[in-house]
Amino acid sequence: MDTIFALASAQGRAGVAVVRMSGPDAFECAKRLCRTLPDVRKAALRNLSGTDGTLLDRALVLTFKAPDSFTGEDIVEFHLHGSVAVVSAVLRELGTGPPRMAEPGEFTRRALKNDKMDLAQVEGLGDLIEADTEAQ
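Computed from a predicted model, the values in this text were never measured in an experiment.

S.K.: Whenever I open this one, the overall build of the protein confuses me. Can you help?
M.R.: Within the protein, the secondary structure is distributed over four helices and six strands. Its helices and strands taken in sequence order, the protein reads β-β-α-β-β-β-α-β-α-α from the N to the C terminus. The C-alpha radius of gyration of the protein comes to 15 Å, within 12% of the 14 Å expected for a compact globule of 136 residues. Over its C-alpha atoms, taken along the principal directions, the protein stretches across nearly 45 × 30 × 25 Å. Going through the 136 residues of the protein one by one, you find that 43% of them count as buried.

S.K.: Teacher, can you tell me more about the pairing of strand S4 (residues 55-64) here?
M.R.: Each regular strand shows side chains that alternate between the opposite faces of the sheet. For S4, a buried count of seven out of 10 residues is recorded, marking the element as mostly surrounded by other parts of the structure. The pairing of strand S3 (residues 43-49) with S4 spans seven bridges and is antiparallel. Across the sheet, residue alanine 44 finds its bridge partner in S4, namely valine 61. Here S3 hands over to S4 after five residues, with glycine 53 in that stretch at a positive phi of 90°.

S.K.: Is there a simple way to explain the sheet that holds strand S6 (residues 100-101) in this structure?
M.R.: Working definition: the strands of a sheet are paired by backbone hydrogen bonds and lie parallel or antiparallel to each other. Taken in spatial order, the six strands of this open sheet run S3-S4-S5-S2-S1-S6, and their pairing is mixed. The sheet terminates laterally at S3 and S6, the two strands that pair on one side only. Lying on the sheet, helix H3 (residues 106-113) is in contact with strand S1 (4-7), strand S2 (16-22) and S6; it crosses S1 at an angle near 130°.

S.K.: Looking at this structure, how should I read the side chain of threonine 63?
M.R.: Within the element layout of this structure, threonine 63 appears in strand S4. Within the structure, the side chain of threonine 63 is placed 3.3 Å from the backbone oxygen of aspartate 39, a separation counted as a polar contact. Not counting residues up to four positions away in its chain, the partners in contact with threonine 63 are Phe27, Leu37, Pro38, Asp39, Val40, Arg41, Lys42, Ile75 and Val76.

S.K.: Explain the pattern of salt bridges to me, please; I cannot follow it from the model alone.
M.R.: When charged atoms on two side chains of opposite charge get close, those side chains can pair. Counted under the stated rule, the structure contains eight salt bridges. The salt bridge involving aspartate 74 is made with lysine 65; its shortest N-O contact spans 3.5 Å. Because the salt bridges share partners, they merge into one network encompassing Asp2, Glu73, Arg100, Glu106 and Arg110.

S.K.: Got a minute to help me understand helix H1 (residues 26-34) in this structure?
M.R.: Within an α-helix, residues lying three or four positions from one another point in the same direction, as the helix has 3.6 residues per turn. Residues of H1 that are buried: Ala26, Phe27, Cys29, Ala30, Leu33 and Cys34. All buried residues of H1 project into a common sector of 160° when viewed along the axis, lining one side. Considering only its buried residues, H1 is in contact with S2, S3, S4, strand S5 (75-81) and helix H2 (84-94). Looking one or two residues beyond H1, the residue adopting positive phi is arginine 35, at roughly 65°.

S.K.: Looking at this structure, I do not really get the confidence of the model for the protein. What am I missing?
M.R.: Any segment with low pLDDT has predicted coordinates that should not be analysed in fine detail. Across the protein, the average pLDDT comes to 91, with 94% of residues at 70 or higher. No element of the protein has a lower mean pLDDT than helix H4 (residues 119-130), at 74, and none a higher one than S3, at 98.

About the cut-offs
- Residues numbered from 1 in each chain as written.
- Predicted model: local features only at pLDDT ≥ 70, side-chain atom pairs only at ≥ 80, totals over all residues.
- Heavy atoms only, no water.
- Helix = DSSP H or I, 4+ residues; strand = E, 2+ residues; numbered from the N terminus.
- Rg over C-alpha atoms; globule rule 2.2 N^0.38 Å.
- Buried < 20%, exposed > 50% of the residue type's maximum accessible area, 1.4 Å probe, protein only.
- Pairing = 2+ DSSP bridges.
- Contact = heavy atoms within 4.5 Å.
- Axes fitted to C-alpha atoms, helices over the stretch in contact; angles between N-to-C directions.
- Polar contact = N/O pair within 3.5 Å; in protein donor to acceptor, adjacent residues only side chain to side chain.
- Salt bridge = Lys/Arg side-chain N within 4 Å of Asp/Glu carboxyl O.
- Arc of directions from axis to C-beta.
- pLDDT = per-residue confidence, 0-100.

Listed below in structure tokens is the structure:
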């Protein structure tokens, strides 16, 4: 199974943007950006650097060990400053490999496949994401 990554929060300018990575190589791939990871289910500030040593951001990093994660796989989340430039730089760096950009809905498909969600929960999540009103 591939290791995947994607912007997990809305696109565009924001105070915080979340980039999520899931799969068997998530921890090793994350170490390329921040050298050391925090303990599982603990948050810690880390400098995220490109392969050329350029500082990309100072981000809050969280790790979740399989099977105790949203997808049932190892997950790393980067809570970045939400500028378009910072998010683009981090996504570009991750895109140099080996993780690949996730397809739309792929994190949720993995959660379903790994029995972290059932079909009704997946449909409910989709409805929640698409909701425009509180009643929806």
